[in-house]
Amino acid sequence: QEYFEGVANLKVLPMIFKIDGDDHQLALSYESSRAELNYLKEVNHWQKKLGLPQYHAIKLMPNSRFRNHYYHQDCAINFLSDNEQISEVNLDRKKITVTKILDIYKKNGICLIAKHSLDRYSMKVIHNIFSHVIELNPENDPLIANVVITKNNSGQPVLLISDKVTKENESELNELGVNVIKKHNFSFGGGGSFQCMT
């Protein structure tokens, strides 16, 4: 059985680049208890049919202790990226590596991640992709990283987050100029059905 639950496990990064002459959209993917990577072939099949760039995903992995806890990518990490980057660099499919991709990617954006949710390698990748990484304390809310972050009409980052966010994390966000809007969370045991839908 294969699991694919859409943008919960595949999140687009703002770069188009070429692999063997074909346009690809960079993305972050995730492998966990409810997230497998086999779906990408089928998604890319339809992207190609629709004349859209195929996805090339950098795989993130949860900390092995929390594989079931952080079952989706958006339980562990959400982010806000800046304007799209178009690269004419053409990478060879047989020789492509994450390092080669990150050499052409311009670091940008804000990443909000549940503390200790990802493995060491994934954290290293995250720090190479985003200008700002804030590790949210999940002590009061296991799904604290399940947030919505976007920009308002004047370009200011706006964050919708659980009201159980710590004062320390809220201060870090304020220092980055993020407008923090706290949403009351009634659940105490994760509460995906409430928090994800909100």
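Residues numbered from 1 in each chain as written. Predicted model: local features only at pLDDT ≥ 70, side-chain atom pairs only at ≥ 80, totals over all residues. Heavy atoms only, no water.

Student: Just checking my understanding: could you explain a negative patch on the surface for this structure?
Tutor: On the surface, Glu 135, Glu 168, Glu 172 and Glu 175 cluster together into a negatively charged patch. When residues of the negative patch are assigned to their parent elements, the largest contribution, three residues, is made by helix α5 (residues 167–175). Here Glu 168 lies in helix α5. (Patch = residues over 30% accessible without salt bridge, like charges linked within 9 Å, V, L, I, M, F, W, Y side chains within 5 Å. Areas by Shrake-Rupley, 256 points an atom, 1.4 Å probe, with all protein chains shown as cover. Salt bridge = Lys/Arg side-chain N within 4 Å of Asp/Glu carboxyl O. Lys, Arg positive; Asp, Glu negative; His and termini not counted. Charge placed at Lys NZ, Arg CZ, Asp CG, Glu CD. Helix = DSSP H or I, 4+ residues; strand = E, 2+ residues; numbered from the N terminus.)

Student: It is not clear to me how a nonpolar patch on the surface should be interpreted in this structure. Could you clarify?
Tutor: A cluster of nonpolar side chains, namely Trp 46, Leu 50 and Leu 52, defines an oily patch on the protein surface of about 340 Å² accessible area. Considering the arrangement of structural elements, one finds Trp 46 in helix α1 (residues 39–49). Overall, the relative accessible area of 46% leaves Trp 46 in the partly exposed class. (Buried < 20%, exposed > 50% of the residue type's maximum accessible area, 1.4 Å probe, protein only.)

Student: Would you take a moment to explain the pattern of salt bridges for this structure?
Tutor: Between side chains of opposite charge, pairing is possible as soon as their charged atoms come close. Summed over the entire model, instances satisfying the criterion amount to five salt bridges. We note a salt bridge from Lys 18 to Asp 23, for which the minimum N-O separation is 2.8 Å. Residue classification places Asp 23 among the partly exposed residues on the basis of a relative accessible area of 35%. When the shortest N-O distance is used, the salt bridge between Asp 82 and Lys 151 registers 3.3 Å. Taken together, the residues Asp 82 in the loop between β4 (77–80) and β5 (85–91) and Lys 151 in strand β8 (residues 148–151) connect sequence positions 69 residues apart. Residue class for Asp 82 comes out partly exposed when judged on its relative accessible area of 36%. Using a relative accessible area of 39% as the deciding quantity, one classes Lys 151 as partly exposed.

Student: In this structure, what is going on with the side chain of Asn 169? I would like to understand it.
Tutor: Checked against the element boundaries, Asn 169 lands in helix α5. A relative accessible area of 4% places Asn 169 in the buried class. In terms of polar contacts, Asn 169 uses its side chain to reach the backbone carbonyl oxygen of Glu 135, at 3.2 Å. At 2.8 Å, the side chain of Asn 169 and the backbone nitrogen of Asn 137 are in polar contact. What Asn 169 contacts, discounting residues up to four positions off in sequence, is Ile 134, Glu 135, Leu 136 and Asn 137. (Polar contact = N/O pair within 3.5 Å; in protein donor to acceptor, adjacent residues only side chain to side chain. Contact = heavy atoms within 4.5 Å.)

By themselves, these figures tell us nothing about what the structure is for.
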